[in-house]
Number of protein chains: 2
Amino acid sequence: MQRYFIKSDQINNPHIDIIGEDCFHIQKVMRMKVGDCVICCDQIHSYIARIDNISVDSINLTIIEELLNEVELPCSITIAQGLVMRDKMETVIDNITELGANTYIPVRMEFSNAKWNDEKNDKRMTRLNKIAKEASEQSHRTKILNVLEPISFEDLLGLNNQYDLCLFAYEKASAEQSLRKLIKNKKLQNILVLVGPEGGISKEEVSKLMDNNFIPITLGPRILRTEVAPAFIMSALSYELEEENDI
Amino acid sequence: MQRYFIKSDQINNPHIDIIGEDCFHIQKVMRMKVGDCVICCDQIHSYIARIDNISVDSINLTIIEELLNEVELPCSITIAQGLVMRDKMETVIDNITELGANTYIPVRMEFSNAKWNDEKNDKRMTRLNKIAKEASEQSHRTKILNVLEPISFEDLLGLNNQYDLCLFAYEKASAEQSLRKLIKNKKLQNILVLVGPEGGISKEEVSKLMDNNFIPITLGPRILRTEVAPAFIMSALSYELEEENDI
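None of the values given here were measured: they were computed from a predicted structure. (Residues numbered from 1 in each chain as written. Chains lettered and ligands numbered in written order. Predicted model: local features only at pLDDT ≥ 70, side-chain atom pairs only at ≥ 80, totals over all residues. Heavy atoms only, no water.)

## What to know about the overall build of chain A
Phase 1 of the analysis: A tally of regular secondary structure across chain A gives seven helices and 13 strands.
Phase 2 of the analysis: The principal-axis extent of the C-alpha atoms belonging to chain A is close to 60 × 45 × 30 Å.
Phase 3 of the analysis: Within chain A, residue pairs in contact and separated by at least 24 positions form 73% of the contacts whose partners lie at least 6 positions apart.
Phase 4 of the analysis: Put simply, chain A shows about 11,800 Å² of open surface, and 47% of that area lies on carbon and sulfur atoms.
Phase 5 of the analysis: Counting 28 positive and 38 negative side-chain charges, chain A places the averaged centre of each group 5 Å from the other. (Helix = DSSP H or I, 4+ residues; strand = E, 2+ residues; numbered from the N terminus. Contact = heavy atoms within 4.5 Å. Areas by Shrake-Rupley, 256 points an atom, 1.4 Å probe, with all protein chains shown as cover. Lys, Arg positive; Asp, Glu negative; His and termini not counted. Charge placed at Lys NZ, Arg CZ, Asp CG, Glu CD.)

## As for the pattern of salt bridges
Phase 1 of the analysis: Here the structure, examined in full by the defined rule, presents 32 salt bridges over all chains.
Phase 2 of the analysis: Here B:Lys208 ties to B:Glu204 by a salt bridge, and the two come within 3.7 Å at their closest N and O atoms. With B:Lys208 and B:Glu204 both in helix 6 (residues 203-211) and four residues apart, the pair spans about one turn of that helix.
Phase 3 of the analysis: B:Glu204 gets classed as exposed once you look at its relative accessible area, which sits at 52%.
Phase 4 of the analysis: Sharing partners across several salt bridges, the network here consists of A:Lys88, A:Glu198, A:Arg225, A:Glu227, B:Asp94 and B:Glu98. (Salt bridge = Lys/Arg side-chain N within 4 Å of Asp/Glu carboxyl O. Buried < 20%, exposed > 50% of the residue type's maximum accessible area, 1.4 Å probe, protein only.)

## Quick word on the side chain of B:Asp22
Phase 1 of the analysis: Within the fold, B:Asp22 resides in helix 1 (residues 21-29).
Phase 2 of the analysis: Note on B:Asp22: relative accessible area 13%, which makes it buried.

## Here we look at helix 6 (residues 203-211) of chain A
All names here are of chain A.
Phase 1 of the analysis: Considered for burial, the residues of helix 6 that qualify are Glu205, Val206 and Leu209. Buried residues in helix 6, looked at end-on, bunch into an arc of 100°, giving them a common side. Those residues of helix 6 that are exposed and angled more than 90 degrees off the buried face are Lys203, Glu204 and Asp211.
Phase 2 of the analysis: Buried positions along helix 6 lie against helix 4 (153-157), strand 11 (165-169) and strand 12 (190-195). (Arc of directions from axis to C-beta.)

## With respect to the layout of surface pockets
Phase 1 of the analysis: Of the pockets and cavities examined, the second largest pocket occupies roughly 1,300 Å³.
Phase 2 of the analysis: Along its surface, the second largest pocket is lined by 48 residues, and A:Glu171, A:Pro221, A:Arg222, A:Ile223 and B:His140 are the ones closest to its centre.
Phase 3 of the analysis: Every element with two or more residues in the lining of the second largest pocket is listed here: helix 6 of chain A together with strand 6 (58-67) of chain B.
Phase 4 of the analysis: Taken together, the residues of the lining of the second largest pocket break down into 21 nonpolar, 15 polar and twelve charged. (1 Å grid on protein atoms, 1.4 Å probe; cavity = no way out; pocket = protein on both sides within 12 Å on 5 of 7 lines; lining within 4 Å. Points joined across faces, edges and corners; volume = space filled by probe spheres on them. Nonpolar A, V, L, I, M, F, W, Y, C, P; charged D, E, K, R; others polar.)

The following block contains the structure:
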């Protein structure tokens, strides 16, 4: 069934109003009629709702039932990544949304080759949020990935007290602190994992990360590119943390 | 250090000859000189070798030492996938090579929208093998992903006696047969995992797969697109099977 993310104020139980682009999508792309059902989600609740009335700029629905299946990870995962080229960032946002991430933070790092044009900031954020919204709908999630504007490396270091665990992917990490040991059987509320940009993480950055309680982890014996590493991290965390879902 | 895949007959211990495209790459792209070192790998052994002589169409090297680090998965993984569009297939081949897969098999399935032009078969296979070779080098693997030409669904079913375990990703799979239960603490030599094409797996195909001992597995509570599912499978298998590497 088609899914749409709506704002909480569009719900007045048992009534829902869909407006804006989604309204066009339902009528013109999906060609739905009165009586058809869709799933509406306000990032807290998900409902199956029936279309009662269709007009050009709004669609009125009635809630049939609330969906209670848990599709979100039991722990909130933030992927921070050294600023990478636009196409790679879009691929990563798309993939980690499907794989259940909560937040994506681009970080200005020493070896980031990619530029972020501040003048085009708003346009670019709109596009990235659209990708996140569509990937969330496609993968049947109840939350949309939260995409942040680029932050400085120092600001990243300052986030260490907001997370139960801050990690960074580092090919030279010793195996003593493995991802498995760090997360297995721990009741973690939220985890941040930093992945370097294409050029990697500089020695000075590694040293600052360690000083700020970021723990280095390896992603296995093969070297993963920065655009593949986040998918590996999300998959491994999903596999480990969603054991009750019996993947 | 830069890596090059060579054929076994290019090695005459302690001498190695590099020829063809790699020869051009070393001279013109990497601008290496006599005395510089590279890693040469014949898919069985990996060596650090020093450049002794450079000419237009061949480079002579001497082996300095053999590399003995194990970077290959302890179990050979084949990803079979319903035939998908060219760009998606290339992304999947690139990603699963980095993540350690052994073989990729495109399968002609009922809901495959993508076409495979048999007249362009050779050209396309050359390109796919080049992507696999470069991704293998980039990720420091000692084996190149083996890319097969598309096979029929019936031929896929016939492969069931060549693998210790044949699985297929199926969103409606019951959680009784979880990936974890199927692989944990088993000494498996090889596993095949089928992922459907964009359009999914038809009911008839599901039934034939079950009749031929393919076991349905879920990939967690979120719905993954066909181009993301193989990366999830490889990451989860790497996380589970490479425990001794302490990911």
